[in-house]
2 protein chains.
Amino acid sequence: MNYPNGKKFIKQEQKKNLSIYGKDRGIYSNRGMTLEEDLNETNQYYREKNIAVIHKKPTPIQIVHVDYPKRSAAVIKEAYFKQASTTDYNGVYKGRYIDFEAKETKNSTSFPLKNFHDHQIFHMEQVLKHGGICFVIIRFSINDEIYLLEAKHLLSYWDRMKNGGRKSITKEEIKQNGYFIPIGYQPRIDYIKIIDNFIG
Amino acid sequence: MNYPNGKKFIKQEQKKNLSIYGKDRGIYSNRGMTLEEDLNETNQYYREKNIAVIHKKPTPIQIVHVDYPKRSAAVIKEAYFKQASTTDYNGVYKGRYIDFEAKETKNSTSFPLKNFHDHQIFHMEQVLKHGGICFVIIRFSINDEIYLLEAKHLLSYWDRMKNGGRKSITKEEIKQNGYFIPIGYQPRIDYIKIIDNFIG
């Protein structure tokens, strides 16, 4: 195995978490880490090592009712999840604006485009228009493969769908136009290394 | 009532709050707009006119309990406000990373530094280190004056405080080192025009 370190660590994690999460969450989840958690750790690593400053945005919530009990913290008593109008992650790397979304699928041969919604696609278009670096990180959970696909490719597959074409991107297409990201120990998902390939 | 989407509900809240808070919220609030609302409108204008893509981040919430009623949207039944670990606004302008915080004060002669917390100051330091454009928008609500102050100045005033100096920035200092932003109609707070002054 050529993964940068970590292989043993992952196996230990798998054993520990196998009984808790069960098999339906896939191999990846059996080590107790979601894609989001791995990316949060990666971003923390980037910040601590002074490589980049990238954060996940908070989940957008519509707050309807808040209680203000005396002498204790305000309690939100009624709220709803809202659809995000942007992508989940953004920040700065070498002065450049970085913006991405992360998604996983249980499919093994293609990535369904229904994982994105129109607002997010529109946001990515806008980011590209303004010179930002924009991409998606896609994880195939069945075999725990992670790819980075630049937004320009995602947008062309989205257009293909809007013009009556297929509602997914084949894994072959992702392999051809995207970049495979090996899972590491620290950082777990080293996407910045990939970005260096396509920025000047 | 439109929630879970809830847009109308918020507007009702605004109207309600106008009479609750009354005149002590200043001239500005009497037109029913907060600094945050003005900035949101400004950012929307920038997006629509293809000038920049800048959004306010959602308020960070710690979710404790969620109900999943059958055939209707998930309801958050218990949650708490969390302290933000970054600033509130970020995005992209001419390929550059933009990052800022907006604060208002009722003081007339100085801006208290207690409006910021350590995490935010640390975040701004990091953004500057990575070549991002970082600043604060400060509003003196008494006379409705708005200034943009670059983060490098804020950081030096913060250091002065940490070294035993004054716990605020005088308005004179803000006038001297910052930029006055006249309030307009569209966009209301045209901070991008100011940024053009200090980027290459």
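Residues numbered from 1 in each chain as written. Chains lettered and ligands numbered in written order. Predicted model: local features only at pLDDT ≥ 70, side-chain atom pairs only at ≥ 80, totals over all residues. Heavy atoms only, no water.

**Brief notes about the interface of chain B and chain A**
So, point 1. The interface is formed by 44 residues belonging to chain B together with 40 residues belonging to chain A.
So, point 2. Together, the buried faces of chain B and chain A total about 3,400 Å²; carbon and sulfur atoms form 64% of this surface.
So, point 3. Our count for the contact surface shared by chain B and chain A stands at zero salt bridges.
So, point 4. Inspection of the region where chain B meets chain A yields nine residue pairs in polar contact (both at pLDDT 80 or more).
So, point 5. Secondary structure elements with two or more residues in the side of chain B that touches chain A: α1 (7-21), β1 (53-56), β2 (61-67), β3 (75-81), β4 (89-93), β5 (96-105) and α4 (118-129) of chain B.
So, point 6. Considering every element that reaches the side of chain B that touches chain A, the biggest residue donor is β3 of chain B, with seven residues.
So, point 7. Looking at side-chain class alone, the side of chain B that touches chain A contains 22 nonpolar, 15 polar and seven charged residues.
So, point 8. Pairing geometry for strand β3 (residues 75-81) of chain A and β3 of chain B, over two bridges, is antiparallel. In the strand pairing of β3 of chain B, Ile76 of chain A is matched with Ala79 of chain B. (Contact = heavy atoms within 4.5 Å. Buried area = accessible area lost by both parts, 1.4 Å probe. Salt bridge = Lys/Arg side-chain N within 4 Å of Asp/Glu carboxyl O. Polar contact = N/O pair within 3.5 Å; in protein donor to acceptor, adjacent residues only side chain to side chain. Helix = DSSP H or I, 4+ residues; strand = E, 2+ residues; numbered from the N terminus. Nonpolar A, V, L, I, M, F, W, Y, C, P; charged D, E, K, R; others polar. Pairing = 2+ DSSP bridges.)

**A short note on the nonpolar core**
So, point 1. Core analysis: the largest hydrophobic core is formed by 46 residues, its most contacted members being Phe116 and Leu154 of chain A together with Phe116 and Leu154 of chain B.
So, point 2. Contributions of two or more residues to this core are made by α4 (118-129), β7 (133-140), β8 (145-150) and α5 (151-162) of chain A together with α4, β7 (133-140), β8 (145-150) and α5 (151-162) of chain B.
So, point 3. Excluding its chain neighbours within four sequence positions, the residues that come into contact with Leu154 of chain A are Leu113, Phe116, Ile121, Met124, Val136, Leu149 and Ile169 of chain A.
So, point 4. Judged by nonpolar contacts, the second largest core, of 24 residues, contains Tyr45, Ala52, Ile54 and Ile195 of chain A. (Core = buried A, V, L, I, M, F, W, Y, C linked by side-chain atoms within 4.5 Å. Buried < 20%, exposed > 50% of the residue type's maximum accessible area, 1.4 Å probe, protein only.)

**Let's talk about the UniProt feature "site: Transition state stabilizer" (unreviewed entry) in chain A**
Residue and element names in this part refer to chain A.
So, point 1. Look at the UniProt record and you will see "site: Transition state stabilizer" (unreviewed entry) annotated at Lys103.
So, point 2. Within the secondary structure, Lys103 is located in strand β5 (residues 96-105).
So, point 3. Look at Lys103 and you get buried, because its relative accessible area is 19%.
So, point 4. Those residues in contact with Lys103 that lie beyond four places of it in its chain are Leu35, Phe111, Asn115, Phe116, Gln120, Ile137, Ile138 and Arg139.
So, point 5. Polar contacts involving the side chain of Lys103 include one to the main-chain carbonyl oxygen of Asn115, which spans 3.2 Å. (UniProt positions renumbered as here; feature names shortened; annotations may be inferred.)

**Looking at unusual backbone geometry**
All names here are of chain A.
So, point 1. Of note, the bond from Gln186 into Pro187 is cis; its omega dihedral lies within 30 degrees of zero at -5°.
So, point 2. Residues other than glycine seldom take positive phi values, yet Arg71 does so here, at roughly 60°.
So, point 3. Note on Arg71: relative accessible area 84%, which makes it exposed.

**Digging into the packing of aromatic side chains**
Think of a pair of aromatic rings as described by two things: how far the centres are apart, and how the planes are tilted against each other in angle.
Residue and element names in this part refer to chain A.
So, point 1. Overall, the coordinates contain 21 aromatic pairs over all chains when judged by the stated rule.
So, point 2. A centroid spacing of 5.9 Å and a plane angle of 55° characterise the contact between Phe111 and Phe116, whose relative ring orientation is tilted. For the residue pair Phe111 and Phe116, the accessibility class agrees, reading buried in each case.
So, point 3. Of the aromatic side chains, those joined through ring pairs into one cluster are Tyr45, Tyr46, Tyr89, Phe100, Phe135 and Tyr191.
So, point 4. It is Lys103 that lies over the ring of Phe116; its NZ or CZ is 5.9 Å from the centre. (Phe/Tyr/Trp six-rings, centres within 6.5 Å; stacked < 30°, edge-to-face > 60°. Lys NZ or Arg CZ within 6 Å of the ring centre and 35° of its normal.)

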